[in-house]
Structures are given as structure tokens and as C-alpha cells.
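Coordinate inspection notes
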Amino acid sequence: MRDFWARQGLVFGIALRNLSSHGTRSLLVGSILALGTTLVLLGLALLDSIEDSTEASITESMAGELQVYSKEGRDDLALFGSGFMGIDEIGRIERVDRAVAAVSTVEGVKAAVPMGIDFATITRDGELEGTLAELRDAYYADDEAEAEVLIGQVKDLVQGVVDELRRRREIVDDPAELDASIAEAERALGEAFWAEYAQDPLAGLEQLDTKVAPLATEGELIFLRYVGTDIPAFIENFERFELLQGEHVPSLTRGLMMNQKFYEQRIKHEVARYFDRVHRMALEQEISIEADGLLRTIARRMPTQWRRVAQQLDAEERARLKAELSAYLPEVEPRLEALLPALLTVSDENVQERYDWFYEHVAPLIDLYAIDVGDTVTIRAYTRSGFLKAINVKMYGVFRFRGLDESDLAGGHNLMDLMTFRELYGLMTPAKARELDRIRDKAGVQDVERSTAEESLFASSETVVIETGPELEGLGGFDEFEDVDFESLRDRSGRVFDASFSREDLAQGMALNMAVVLDDGVEMSGARRRVQVALDEAGLALQVVSWQEASGLVGQFIIVIRLVLYIALAIIFAAALVIINNSTVTATLERIPEIGTLRAIGAQRGTILFMFMTETLSMSLVAGLFGAAVGAGILLVLAQTGIPAWHQVLFFLFGGPRLFPSFGVRHVLWSIASVAAVATISSIYPAWLAARVQPVEAMQDGD
Amino acid sequence: MFLTIAFRNLVQARRRTGILALALALVTMLLVLLLALSSGITDTMIRSATILSTGHVNLGGFFKAKPSAVAPAVKDASQLRALIEDTLPQARVVSRMRGFGRIISPTTSIQVGMTGIDVSEEQPFVEAIRLAPRSNYVEGAAEEIEGRLEDLAKPNTAMLFAAQAKRLGVQVGDSLTAIAETLQGRRNSTEIEVVAIAHDIGFLSNFSIFVHEDVVRELYHLGEDVTGVVQIYLDDYERSPQVMAVLRERLVEAGHDVMEHEAAPFFTKFGPLQGSGWTGQKLDLTTWRDEVLILTWVLTAVDTVSFALVSILLVLIGIGVMNSMGISVRERTAEIGTLRAIGMGRWSVMAMFMLEALLLGLLATGVGAAAGGLVALGLDIWAPTIPSKAVQAILMSESLHMVVRPLQLGLAVATFSGLAVSAAFFPALRAARLQPVTAIHHVG
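Residues numbered from 1 in each chain as written. Chains lettered and ligands numbered in written order. Predicted model: local features only at pLDDT ≥ 70, side-chain atom pairs only at ≥ 80, totals over all residues.

Points about the overall build of chain A
- Helices and strands together make up the secondary structure of chain A, namely 29 helices and 12 strands.
- For chain A, buried positions account for 38% of its 703 residues.
- Pairs at least 24 apart in sequence give 79% of the contacts found in chain A among residues at least 6 apart. (Helix = DSSP H or I, 4+ residues; strand = E, 2+ residues; numbered from the N terminus. Buried ≥ 20, exposed ≤ 12 C-beta atoms within 10 Å, placed from the backbone. Contact = placed C-beta atoms within 7 Å.)

In C-alpha cells, the structure reads:
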């Protein structure tokens, strides 16, 4: 035994000597191996970091580890969209309570949270509408001075409407119809109208509200993507949820909570958003305004947006801002029309300063957010059959998912209560169904086929403004308009209709999908099988998928990147294999005399083979360790500085402006092992060549 | 004579050269394939985009009745077309309406861009669109094709793409409701009849349907002489920027108000325009590249990955060539000594080795490039269906499309041959520096 080890030691010694005596060759091969190790380590660690950040973005914000949805849907569940602008048809979980009950008892399941993801729009009020509402308030408050000011504003705004209609005349198909509208609006500018108004302000307001305000193209349309869910259960089970402003939606109450990212990027004042974006790109991502095309475009657009600030100021505020701006920018002509664009002209040098000045002096004067916590918002959505539905809900608060603030995936979804979701989705609630049945029994109305109901709506005239269709209420089995609260639509300060609901309604209704959150450390595929069994046993036609599958294209995207990395590494390894093999073969040929001598003095074939393999392995270990050290060094530096996302897609992949990669022992081991494997494979042939050498060849001439 | 020597040497060191040449050929082939893929994506992108949403140069514009009301409308369309046709008599010009809204079927609805066309002037479009067999959108239906694209000439008609039809659950002959959502929150609706259902064009076609131009006019109450965009198709799309500049000059001369050029798709311009103060009509000139700007990240990604991969391979191959030439120099030291002794100059020795590397490089990369080109062409003809939806989305096509450009073949050959020669530089230099006397004595 001792002999054996002594012999191995000797062989090892020869191997090392060979390595050092063929310095250049060893260095070449070694550097290839080291480079390979570095690449593998970097690739694997970066990919895993990206995958971890994506996984966290998805599972810890809203998906859970598993998702349950109907087996009968036409489309696969895709939490982040499937590439259509519209909603996938994924079927329904008909009874939330049954699905939750079946799943929650499964071992390893922490909770099941029912959901429905949908799109809706929020329309901001037009200026005229808003001013009219204020005027109405002033009338009720008997504040004549305020009313006077507001009437002045209303006249200006109506003049604006007239101007707008006159311009529109240039492109419309039916100028005559427009002329009638213009006449209508002009009437509201005449003295006769205001004399009448003085007599009966409410009638005048009604006239303005219903006849003139609708003529203006007003307001802005904001798309809202939301998760309708049992909000208290959601908050309890998604630990990254963090309230930033306001309060949680109370249990069993309708309400909306906005995601901070959405709030900052959609609801915030446009000019502030420009500043935020430029500030972030220029200072956090260190992109030069001068050099970068995209940022330059954004910066160039900024000064043109000054009116968005100016139009929100009253006379006093304008005067104040003008004075402050003149002091700040003395070289600019002292008019707001010149000062504001000048303030909004940013360059690499002044961006920080302008940003600070804007937030200190301008932001307090303007409406920084179009919707504030506590406001009631009108949400509109198309139901499944394409009808518009509007519901007023209170916006209770702003939240974020901790650590995922920058992630587009986690940041794109707002929260809504499940009942409001169901109504916007267009299904009847049990209570409503009962009520409808009662009405039907009483009136003896026959069920109207949904399709014919639609025809009766659309076939009648080419152009229907659906919102003004309350006459449809009498259509019996037709639930779509049942809930549109036309009164409160007009009256923004208006009450939200009964905002609470019962636990039974919540439990016995439908949802589209259900997030299953697992206990820490529970293995996913096992849990998935158990959940499926539980659903089958409960007789529910529901299926379970992993978060990767549920995330649609996003999850597949990561798989594609992984695939590309593996293919690239495989190609690199193949090339390395050839090069190393080539170099080792030549080296072996050179050493034939030496090998022959060894064989002649009694070395067995196995020993020669072993010697060659040892040589390769020890070299790949040394090179591998070196390469891994370099890779680890790079990763450690990157973990401090972060890798900047220089492209929008990377922003998405990195879950923010920078990726801070991390790596573990397994990455290091994998990288060294894979390179050692490549080295070993590439030396099999030369080693076999060497082992084949006959002792007699040693005696022959070296050539 | 050098050439003969170089060739003889290469043949002599057959095994070493062979493996190296193989590696070189494979890597060249890989580069050619990657380049063909990248060109294929560009080609798909241009083709899809020019069918669906953009000309090579576009004369679009925005009409603002008040500062915050932006409509993608261009008035006096006939006059503008006359100007374009006068400036560019060779170009093909079509007018299209731009709209955006919701399409509602009895079962569901989708949100899409609605492109209003006059099918009588869209001959190339009609030729480029392939109608889909019923089986593409109705589960278990026959392979027959229904409908005719030419029927888009009738009022209130629409052409959908197969994925949309499947999703909406409609067939040729069914009718749909189109609702236009203007940015101001107004909603107008109209009925449209499906007259044709086309094969999808990558995933891009999910986002738009084609309708009779008057459908869009009606939805937005636009007059006869108003259009959305005048799309201009050139013989050579690479000339787009120049043509755009010429047009701009002519338009400004004719007294039109043309917006400053901004490289962005038209639908991203609404927000910023709402905030700017002007009213009335402004024209906007863009190239196809501007309109597909958000898609070019795919190209950037493919090119970046290709570049990184090829760079690493370049380093590897470089090391390989250097190693092999080094050995060659050592083996042939005696020969070099003899050559030098009989009067060959230092630089000739160096040239001999470099030539050897060049020969190796040219032969191997030539074979590799040819093989790569053939494989790419073969793949393009075969056009295998891409299995993953995500890859389909990335490549913007359901099947693999590759384009081989001779210039790229040349580039690949030149790059790797150049590399082989430069990698041979140091070994060759060492050979050139050898003293004839020491060299001739060298053994092994």
C-alpha cells in the first residue's frame, strides 16, 4: 500500500515537473481554462441573480409559489399578460370558499388567496366639469365672492370650448352638426344666459353640466391594471406588502389601493414625472443627457410641458412663482411663459439643482398627484361582453412591495377588492341574482338573450355613447348597467354606493385564479402534486401550475436566456476542447521518447494514463481556482457597485436600475468542475496516445 | 514559391492543422449563422412593420383642436399626396387611417390598433398578406380558406389575423362591434363585418386589425380629406433618412408646419403633445426605423450576445493558432536555419509563416463561411417552426427566418483570417529572429 502511494506521489511529481517545464504551453492551456472558469462562474451567478430577482418579483408580490385556476379556460393563465391587449379567457373558479377550503388543508400550504386580474381605466375630470362642481359647492355654501371668481373661470373655459370646436370644424365629417354645438356653447357666453343664471343658478348649472361640458374633449384616460382580491388576506400573506400612505382597505369593504410605482408614474403630475425620470437616469444611472439619445429626447420634451404647471396656478400663485423664478433665473425675460420653459431646460450640469428647485418651489403650488389618498375614483371597465361599466371606489392608500420597488412586474399591479372586480368583470353576485329573479317574477319579463340585447343596443344607431344609456335598465336579465351609478358619476363629491359587503358574498362568489403561498422551505413540485390531489378529491375542475408557468411569457423569457447562456458556454467549451486537445496532442508527441523510457523502466500503461490525467487535472484545478478567484473578485466588486441597466429590457430583467449579483459556493464548484471536465475530456485522446507508446520507441530517434 | 512551401507545410502537419482548421471553420460558420439570424430578424421586422404599421418614410401628423386634445389626423391629405408624388415620382404612396379601440365579439373583446386602408391602392399589401385556413382559428375545422381580402373595398369591413379571430371566436362573415376610445374618454361605436382572416405576422399582428378606411373616419367623425398617415415605400429602404430630409424641405417650402424629427413611434408622442401649447395641424415625418424603435432591442440583444460569443471564440482561436504556429516554428527550426543559410532574408521567413497562417485561415474560414451560408439558406427554406412562444416573440416570427448577405460572408472570412494571421505574428517573428547557425544545429 505504501508502495502504491509512493508511486502515485512520484507520478504526481513527474506530472508537475512536466507542467512547469512546458511553461508556455501550460500557460496557454491554463489561461484558457481559467478564462473558462471565470466565464462559467460569471454567467451562472448573474443568471441566478436575475432569476432570483425575477422570482422574488413574481412570487412574493402576487403570484405565490403555485397558482390554481380552471381547467376549462381557453387560454393559459398568464399573470403578466399573454401578448394581447385584452384579457385572457382562463375560465373561473366558481366558488372561492370551496377552492380555498380544499387547498388550505394541504400540508405545506400557508394560505390560498383568491384573485382576479383585470384592466380598467380611470378618467380624470375635465377642467370645466371640475370648475362647475366647485361653482355648485360655492352656491350651496352661499359664498358669493368665490362664485364670482368661478363664474369668470367658467366663462374662460367655455370660450376655450368654442375655440376648440371651431378648430375641430377643419377636420370633421359633418360641420353642420358641429355648428349646432358651437351655437350651444356660444349661448353660454351670452349675457342672456348669465342673466337667466342669476335668476336660477341651479338650472343654469344643469344646463352647463349637461349641454356644454360634454362638448369639450376633456380629461385624461389612465389605464389601471389591478388584482381584485381579498385585500386583508392578500396583505397578510404577501409579506413584502408595505403601506406607504393612507390605510389598508378595511375588511369586507370596497376599495382601491395604488401601487407606488403606478402612483408615481401615472398619477403624478406630468412635469414632476419628467423631472423624476431625468433625475434618475442622469444621476442614479449616470447617463449623460448630452450623449444618450433617449434621455436627450426626454430632456428636449420637458420645456414644452410648462403649461401643465401654469394652468394649475391661480393669479396669486402665478405672481409668486414669477417673482421667485425671476430671482432664480435673472437672465431670463421675466414672464412666466419664458421663465417656466427655462426652468424646465435641463442639462448634465444643472439637473440636480433644477430638480431640487422644482420640488422646493413649484411642487407645493401644483396638484402633485391627480388622485390623493381618500379620494373617490371612478373606475370604468368593459365587462366580458364588452359593455362599459363604471363604479366609484375610494382610494385608501399607496403601497409597495418591499425591495421590489423598481420591478416593473411587481410594480404594475394595484389592489382592488374582489367584489368590485366581480362587478367590473360582469358577473352577477348572488344577491343581485336573487334580486333580479324577484323583479323578473314580479314583472313577468322574459329573459332577453344576451346577444339580442346587444343587437338592440347597437343596431339602432351607428354611434352610441354608451354611458348615456340608462333606458337599458328595463332589459330584465341584463345586468351590465344595473350598477352604473349615473348620479355619482356626475357628482364627484358624491357618495359611493354601499361600500360594504358580507362575508358570504365574498366567499360564495367567483375568482379567476388563486395564489397558493407555501410555508418556508417546502419543496414546490411535491406541494404542487398534493394541491392537485386535494382539488381533484374535492371534485373541483381546477388545475395547479408553478409560478414560472403562470407568469406566461415572462417566465419563458428567463428560460430562453438560460438556454442561450448554456448554448454559448457549450460552443465556447467545444472550441476550448479542440484547442486544448490540439495543444496537448502535440505536446504528447514531443514527449514520446520520455514516455518510452518510463515504459522501458517498468511503468505500466495505467501509470502513464494516470500521469497524464493527473497532469491535466492538477492544471485545471490550479487554473480553475485562479479563474474562479478572478470571477469571484469581479462579482464582489459588482455586488458593491451594481451592474447598471443600460437598456430598458435589462431594467426589467434586473428588477431595477442596477443588478447587485450574488454568488454561492455552488457556483464556484460548478464552474471549476465543468472546466475540469472539459480539460479531462480533451486530454483523453492524448493520454490514450501516450499510453499506447511502446517502450522500444524510446530508443528510436526523437524525430 | 512561398505559397507552395506554406501549403506543403500545412499538409505536412496534417493532424495539428486539421483540427485547428476544423475549429476555425466551425467558428466562422457560427459567426455566419449568427449574422444571418440577425439579418433575418431585421428582415422580418422590416417586412412585418412595413406591412402592418409603417412605410419606409411616413408623413403623419397630429391635429390639436386645443392644446390637450391630440388626434393622429392629417388634413388636406390629397394636396399633401400630390406634393409627395411630385417630389418622389418613383415611390409608392398609400394613405392609411389610424385608430385605436376595442373590438367586441359575442364572447369577448380585445384592444387593438385599427388601420383604415383603401384596399384598391394596397396591392403589395394584398399580395403580402396570406389568408389563413379555417383550421387556424376554428378548432377542428377544415383547411379551406374563406373570405377575400378584396372585399375590404366594401364599407364597414375588417380583416383580422388568425390569433385575434381565434380569441374573439369569430369567422369570416361574422360581425363585430368596434368602439373607439379617444384619449378624451369619448366612445363611439360601429358595426364591422369580418371579410378575411389572415395568417399571423409574428406577434406584432396581435395588436392591429385592418378595416375599411371609412370605419375609422366614422368612429372619429373625420372628414373625407383627412387621413392618418401617408406611407411612402422606396426601392431601397436604406435611403429613408435622405428621402425624409428632402421631403421635409419641400413641405416647409410649401408652408407646412413640420414637427422637429423625433425618433419614436407615433403612438408614444400623444402624451408629450398634450402638454405642448400649440393648436391646429402639424406634420410629422418619420422613417420605418423610428416606428419600430421599441422592437430594436431584440436586435441589440442578439447582436450583443453574438458579439460577446464571437469575441471569446476569437481569443480562443487566437491562442490555438499561436500555439500551433509556435510548435511549427520549433519543429522546423533546422529547416529555417537552412533556408536562411542559403540566403533567404529574415522578412521572407516571417512572410512564409504568416502566409501559412493566412492560407490556413482563408481555406478554413472559406469552407466555414460557405457551410454556414448553406446551412442558413437551408434553414431559411426549411423554416422550422419555433417551439417556444417566448422565442417566437423575441424573433418576431413563428418560424425561423435567416438572410445570408455576401458582405457578411466576406466579413466573417476576413475577421477570422485576419485573426489567424495576427496570431501567427509572434511565432513568425521568433522564426525570423533565429540565427542561421544556431537554427541549423537545432534538433527536434
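Some remarks on the overall build of chain B
- Scanning chain B from N- to C-terminus turns up 16 helices and 10 strands.
- Whereas a compact globule of 444 residues would reach a radius of gyration of roughly 22 Å, chain B reaches 30 Å, over 25% beyond that.
- Each of the three principal axes of chain B carries a C-alpha extent, and together these read 95 × 60 × 35 Å.
- The buried share of chain B, reckoned over its 444 residues, is 49%.
- The contacts of chain B with a sequence gap of at least 6 include a subset with a gap of at least 24, amounting to 82%. (Rg over C-alpha atoms; globule rule 2.2 N^0.38 Å.)

Comments concerning the packing of helix α11 (residues 270-284) of chain A against helix α12 (residues 293-301) of chain A
Residue and element names in this part refer to chain A.
- At a closest axis distance of 10 Å, the pairing of α11 and α12 adopts a crossing angle of 150°. One element, α11, and the other, α12, form an angle in the roughly antiparallel class. Between α11 and α12 the crossing geometry is left-handed. Contacts between α11 and α12 involve Tyr-274, Arg-277, Val-278, Met-281 and Ala-282 from the first element and Leu-295, Ile-298 and Ala-299 from the second.
- Partitioning the contact of α11 with α12 into residue classes produces 7 nonpolar, no polar and 1 charged. (Axes fitted to C-alpha atoms, helices over the stretch in contact; angles between N-to-C directions. Parallel < 35°, antiparallel > 145°, perpendicular 65-115°, else oblique. Left-handed = near helix turned anticlockwise from the far one by under 90°. Nonpolar A, V, L, I, M, F, W, Y, C, P; charged D, E, K, R; others polar.)

Digging into the pairing of strand β5 (residues 256-259) of chain A
Residue and element names in this part refer to chain A.
- Burial along β5 is two-sided: Leu-256 and Met-258 and Met-257 and Asn-259, pointing in opposite directions, are all buried.
- Where β5 and strand β7 (residues 388-401) come together, 4 bridges link them in parallel fashion. The partner of Met-257 across the bridge, within β7, is Gly-397.
- Strand direction decides the pairing type here: β5 and strand β8 (residues 414-417), joined by 2 bridges, are antiparallel. By the bridge assignment for β8, Leu-256 is matched with Met-416. (Pairing = 2+ DSSP bridges.)

With respect to the packing of helix α2 (residues 14-52) of chain B against helix α10 (residues 296-331) of chain B
Residues and elements named next belong to chain B.
- With their axes 10 Å apart at the nearest point, α2 and α10 run at an angle of 170° to one another. It follows from the interaxial angle that α2 and α10 lie roughly antiparallel. The way α2 lies across α10 gives a crossing that is left-handed. Residues Arg-16, Leu-20, Ala-23, Leu-24, Val-27, Leu-31, Leu-34, Leu-37, Ser-38, Ile-41 and Thr-42 of α2 form the contact with α10, whose participating residues are Val-298, Leu-299, Val-302, Asp-303, Ser-306, Val-310, Leu-313, Ile-317, Gly-320, Val-321, Ser-324 and Ile-327.
- The class makeup of the residues in the contact of α2 with α10 is 16 nonpolar, 5 polar and 2 charged.

A short note on the confidence of the model for chain B
- Considering every residue of chain B, the mean pLDDT works out to 87; 97% of them sit at 70 or more.
- Scored as a whole, the predicted complex attains pTM 0.76, and scored at its interfaces, ipTM 0.78. (pLDDT = per-residue confidence, 0-100.)

Brief notes about unusual backbone geometry
- Here Leu252(A), not a glycine, exhibits a phi torsion of approximately 55°, which is positive.
- Along the chain, Leu252(A) falls in the loop between β4 (241-246) and β5.
- Residue Leu252(A) is classed as partly exposed on the basis of its C-beta count, with 17 C-beta atoms lying within 10 Å.
- If you check the backbone angles, His221(B) has positive phi at about 55° while not being a glycine.

Considerations on the environment of Asp257(B)
Residue and element names in this part refer to chain B.
- Counting through the fold element by element, Asp-257 comes out in the loop between α7 (240-253) and α8 (270-275).
- What makes Asp-257 exposed here is the crowd of 12 C-beta atoms within 10 Å.
- With 24 residues separating them along the chain, Asp-257 and Gln-281 place their C-alpha atoms 7.3 Å apart.
- Aside from chain neighbours lying at most four places away, what touches Asp-257 is Gln-281, Lys-282 and Leu-283.

Let's talk about the environment of Asp519(A)
Residues and elements named next belong to chain A.
- Along the chain, Asp-519 turns up in the loop between β9 (513-518) and α23 (524-537).
- Spatially, the C-alpha atoms of Asp-519 and Val-106 are 11 Å apart, while their sequence positions differ by 413 residues.
- Contact partners of Asp-519, with chain neighbours within four places excluded, come to Gly-108 and Lys-110.

Observations concerning the environment of His256(B)
All names here are of chain B.
- Relative to the assigned elements, His-256 resides in the loop between α7 and α8.
- C-alpha separation for the pair His-256 and Lys-282, spaced 26 residues apart in sequence, amounts to 7.6 Å.
- With residues up to four places along the chain from it excluded, the contact list for His-256 reads Leu-251 and Leu-283.

Remarks on the nonpolar core
- One finds Val68(A), Ala99(A), Val103(A) and Val516(A) to be the most contacted residues of the largest nonpolar core, which totals 187 residues.
- Among the elements that line this core, the one with the most residues is α2(B), at 20 residues.
- With sequence-adjacent residues up to four places away left out, Ala99(A) is seen in contact with Val68(A), Ile93(A), Ala112(A), Met514(A), Leu540(A) and Leu542(A).
- In terms of nonpolar packing, the next biggest core, distinct from the first, is built from 65 residues, Val112(B), Tyr137(B), Phe210(B) and Val215(B) among them. (Core = buried A, V, L, I, M, F, W, Y, C linked by C-beta atoms within 7 Å.)

Examining the confidence of the model for chain A
All names here are of chain A.
- For chain A, per-residue confidence averages 81 on the pLDDT scale, and 84% of positions sit at 70 or higher.
- In the model of chain A, helix α20 (residues 450-458) stands out as the element of lowest mean pLDDT, 38, in contrast to β5, which has the highest, 95.
- Below a pLDDT of 50 lies the segment residues 443-496, which in the model reaches 70 contacts outside its immediate sequence neighbourhood of four places, other chains included.

Some words on helix α15 (residues 425-433) of chain B
- Within the span of α15(B), buried status applies to Pro427(B), Ala428(B), Ala431(B) and Ala432(B). Each buried residue of α15(B) lies within a common arc of 140° when the element is viewed along its axis, so the set occupies one face. (Arc of directions from axis to C-beta.)

Observations regarding the pairing of β9(A)
All names here are of chain A.
- The element β9 is largely enclosed, with a buried count of 6 among its 6 residues.
- Neither face of β9 is open: one carries Asn-513, Ala-515 and Val-517, the other Met-514, Val-516 and Leu-518, and all of them are buried.
- Pairing of strand β1 (residues 66-70) with β9, which is carried by 4 bridges, proceeds in the antiparallel orientation. Residue pairing across strands places Leu-66 opposite Val-516, the latter belonging to β9.

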